[in-house]
Amino acid sequence: MEGRYSSFEKQERSKLNKAAIFVCACAIAMLIAFFGSSRSTLGRPSRVVARVEASVEKMRFTSSSALLTFTAFTILHILIILVSRSIQIFQGKAKSNSFVPSRNDGPGTFIGRVSQAHANCIENLVLFACVVLTNKAFGGPKIDQMAWYYMTARFIQSIIHWSSVSELAVTLRFTAFVTSLVLLIIMGFKTFEAI
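Residues numbered from 1 in each chain as written. Predicted model: local features only at pLDDT ≥ 70, side-chain atom pairs only at ≥ 80, totals over all residues. Heavy atoms only, no water.

A. View of the overall build of the protein. The helix and strand inventory of the protein stands at 6 helices and 0 strands. Sequence-ordered secondary structure for the protein, helices as α and strands as β, is α-α-α-α-α-α. Out of the 195 residues belonging to the protein, those deemed buried represent 30%. Carbon and sulfur atoms form 68% of the exposed surface of the protein, whose accessible area is close to 12,600 Å². (Helix = DSSP H or I, 4+ residues; strand = E, 2+ residues; numbered from the N terminus. Buried < 20%, exposed > 50% of the residue type's maximum accessible area, 1.4 Å probe, protein only. Areas by Shrake-Rupley, 256 points an atom, 1.4 Å probe, with all protein chains shown as cover.)

B. Looking closely at the packing of helix 4 (residues 110–137) against helix 6 (residues 167–194). Where helix 4 meets helix 6, the closest approach of the two axes is 9 Å, and the angle between their N-to-C directions is 25 degrees. Judged by the angle between their axes, helix 4 and helix 6 are roughly parallel. Like other packed secondary-structure pairs, helix 4 and helix 6 cross with a definite hand, here left-handed. Here Asn-124, Leu-127, Phe-128, Val-131, Thr-134 and Asn-135 of helix 4 lie close against helix 6, whose contacting residues are Phe-177, Leu-184, Met-187, Gly-188 and Thr-191. Tallied by class, residues from the contact of helix 4 with helix 6 come to 6 nonpolar, 5 polar and no charged. (Axes fitted to C-alpha atoms, helices over the stretch in contact; angles between N-to-C directions. Parallel < 35°, antiparallel > 145°, perpendicular 65-115°, else oblique. Left-handed = near helix turned anticlockwise from the far one by under 90°. Contact = heavy atoms within 4.5 Å. Nonpolar A, V, L, I, M, F, W, Y, C, P; charged D, E, K, R; others polar.)

C. Structural detail: a nonpolar patch on the surface. Residues Phe-174, Phe-177, Val-178, Leu-181, Val-182, Ile-185 and Ile-186 make up a contiguous nonpolar surface patch of roughly 580 Å² in combined accessible area. When you line up the elements, Val-182 lands in helix 6. Relative accessible area serves as the criterion here: at 44%, Val-182 is assigned to the partly exposed category. (Patch = residues over 30% accessible without salt bridge, like charges linked within 9 Å, V, L, I, M, F, W, Y side chains within 5 Å. Salt bridge = Lys/Arg side-chain N within 4 Å of Asp/Glu carboxyl O.)

D. Broad picture of the packing of aromatic side chains. Within this structure, the stated rule accounts for 6 aromatic pairs. Centroid distance Phe-70 to Phe-128: 6.1 Å. Interplanar angle 70 degrees. Geometry classified as edge-to-face. Taken together, the residues span a long stretch of sequence, with Phe-70 in helix 3 (residues 63–90) and Phe-128 in helix 4 at a distance of 58 residues. Accessibility expressed as a relative area gives 0% for Phe-70, which makes it buried. Overall, Phe-128 belongs to the buried group, its relative accessible area being 0%. Site record: aromatic cluster; members linked through ring pairs are Phe-73, Phe-110, Phe-155 and Trp-162. (Phe/Tyr/Trp six-rings, centres within 6.5 Å; stacked < 30°, edge-to-face > 60°.)

E. Molecular detail of the environment of Asn-120. Its place among the elements puts Asn-120 in helix 4. Linking Asn-120 and Gln-157, residues 37 residues apart in sequence, is a C-alpha distance of 9.5 Å. Other than its neighbours up to four places away in sequence, Asn-120 contacts Arg-154, Gln-157 and His-161.

F. Local environment of the nonpolar core. Phe-70, Phe-128, Tyr-150, Trp-162 and Met-187 are the most contacted members of the largest nonpolar core, which has 26 residues in total. Only helix 3, helix 4, helix 5 (144–163) and helix 6 provide two or more residues apiece to this core. Tallying contributions element by element places helix 4 first for this core, with 10 residues. (Core = buried A, V, L, I, M, F, W, Y, C linked by side-chain atoms within 4.5 Å.)

G. Focus on the packing of helix 3 against helix 4. At their nearest, the axes of helix 3 and helix 4 sit 9 Å apart, and the two run at 160 degrees to each other. Here helix 3 is positioned roughly antiparallel relative to helix 4, judged by the angle of their axes. Handedness of the helix 3/helix 4 crossing: left-handed. A class-by-class count of the residues in the contact of helix 3 with helix 4 yields 18 nonpolar, 9 polar and 1 charged.

H. Seen up close, the pattern of salt bridges. A full pass over the atoms with the stated rule returns 1 salt bridge. Here Lys-142 and Asp-144 are joined by a salt bridge, their closest N and O atoms 3.8 Å apart.

Keep in mind these numbers describe shape, not what the thing actually does.
This is the structure:
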């Protein structure tokens, strides 16, 4: 079984595992920072935190929160590239001016795939924002559930894009893309009808 993967594939799997661990660690640190600092010294929530928590409660699972989540997920791509490059610089493996644009890294590298997924997110974020904001501005029909399904399909598509360019991965990625596209068209059509 050990000889089944080439050394390049082993390196890519190792990089992917390290990136996944890093992303999980960042998410856990953010949760600890948010919830750990949400209490005052007396054990009660501070006023600011109480207001933020109340606001979060109100906007859960709305199309607006789906849009904000998709925006944050798009920014996460940039952070992964930034952290990866920073680690290489601090370890002395690269100089700050030695990097090619991340889109030129190609699909063979993890950073190249993250960069391509980031470009896909930006392209789709604009369309999704247009539909959601138009729906909100004109008081269109409720599209909250579809917006979250859309966000989930985009998330799945990006995670698959990060992980592999195998035939199966590309097929699954395409399926997630088509699903998100159909949902976007339906949400757009419902919004257009309300105008």
